[in-house]
Amino acid sequence: MGKKQIWYEVEENETIDECLTRMRQDGYLAVGRKEEPLFHIVDGEPTYLRQKIQFKAMLCQEFE
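Treat the numbers as computed from the prediction; the structure is a model and nothing was measured. (Residues numbered from 1 in each chain as written. Predicted model: local features only at pLDDT ≥ 70, side-chain atom pairs only at ≥ 80, totals over all residues. Heavy atoms only, no water.)

### As for the pattern of salt bridges
Opposite charge on two side chains allows them to pair when their charged atoms are near.
Now for step 1: Inspection of the entire model under this criterion finds three salt bridges.
Now for step 2: Among the salt bridges present, the one from Glu-9 reaches Arg-50, with a minimum N-O distance of 3.9 Å. Linking Glu-9 in strand E1 (residues 5-9) with Arg-50 in strand E3 (residues 45-59), this pair joins segments that are 41 residues apart in sequence.
Now for step 3: A salt bridge links Glu-35 to Arg-33; the shortest N-O distance between them is 2.5 Å. (Salt bridge = Lys/Arg side-chain N within 4 Å of Asp/Glu carboxyl O. Helix = DSSP H or I, 4+ residues; strand = E, 2+ residues; numbered from the N terminus.)

### Some remarks on the pairing of strand E2 (residues 28-42)
Now for step 1: Here E2 pairs with E3 via 14 bridges, running antiparallel. Looking across to E3, one finds that His-40 is bridged to Thr-47.
Now for step 2: Between E2 and E3, which pair antiparallel one after the other, the connecting turn spans two residues, and Asp-43 there sits at a positive phi close to 55°. (Pairing = 2+ DSSP bridges.)

### Overview of the packing of aromatic side chains
Now for step 1: Following the criterion strictly, the structure yields two aromatic pairs and no others.
Now for step 2: A ring pair is formed by Phe-39 and Tyr-48, whose centres lie 6.0 Å apart and whose planes are at 80°; its orientation type is edge-to-face.
Now for step 3: Of the residues examined, Tyr-48 reaches a relative accessible area of 45% and is grouped as partly exposed. (Phe/Tyr/Trp six-rings, centres within 6.5 Å; stacked < 30°, edge-to-face > 60°. Buried < 20%, exposed > 50% of the residue type's maximum accessible area, 1.4 Å probe, protein only.)

### Quick word on unusual backbone geometry
Now for step 1: Positive phi, close to 55°, is recorded for Asp-43, a residue that is not glycine.
Now for step 2: Relative to the elements of secondary structure, Asp-43 occurs in the loop between E2 and E3.

### Notes on the sheet that holds E2
Now for step 1: One open sheet holds the three strands; their spatial order is E1-E3-E2, and the pairing between them is antiparallel. The two strands at the open ends of the sheet, each matched to only one other strand, are E1 and E2. The mean angle between the axes of side-by-side strands here comes to 25°, regardless of whether they run parallel or antiparallel.
Now for step 2: Relative to E3, E1 runs antiparallel, the two sharing five bridges. By the bridge assignment, Gln-5 is partnered in E3 with Met-58. (Axes fitted to C-alpha atoms, helices over the stretch in contact; angles between N-to-C directions.)

Shown next, in the form of structure tokens:
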């Protein structure tokens, strides 16, 4: 059997709902979430780029 617990990252051009749907299609259920800001350097200064969102997922069979 595959992994019982993995992390899914919301892709840059993907909505949260689309990520959750992708998880369900793979047989996983979200049990946790974490966010962190992503920055890039512009003219030597850190500038906010976007929010990185990840979901901790467990196999649905674990809840039955």
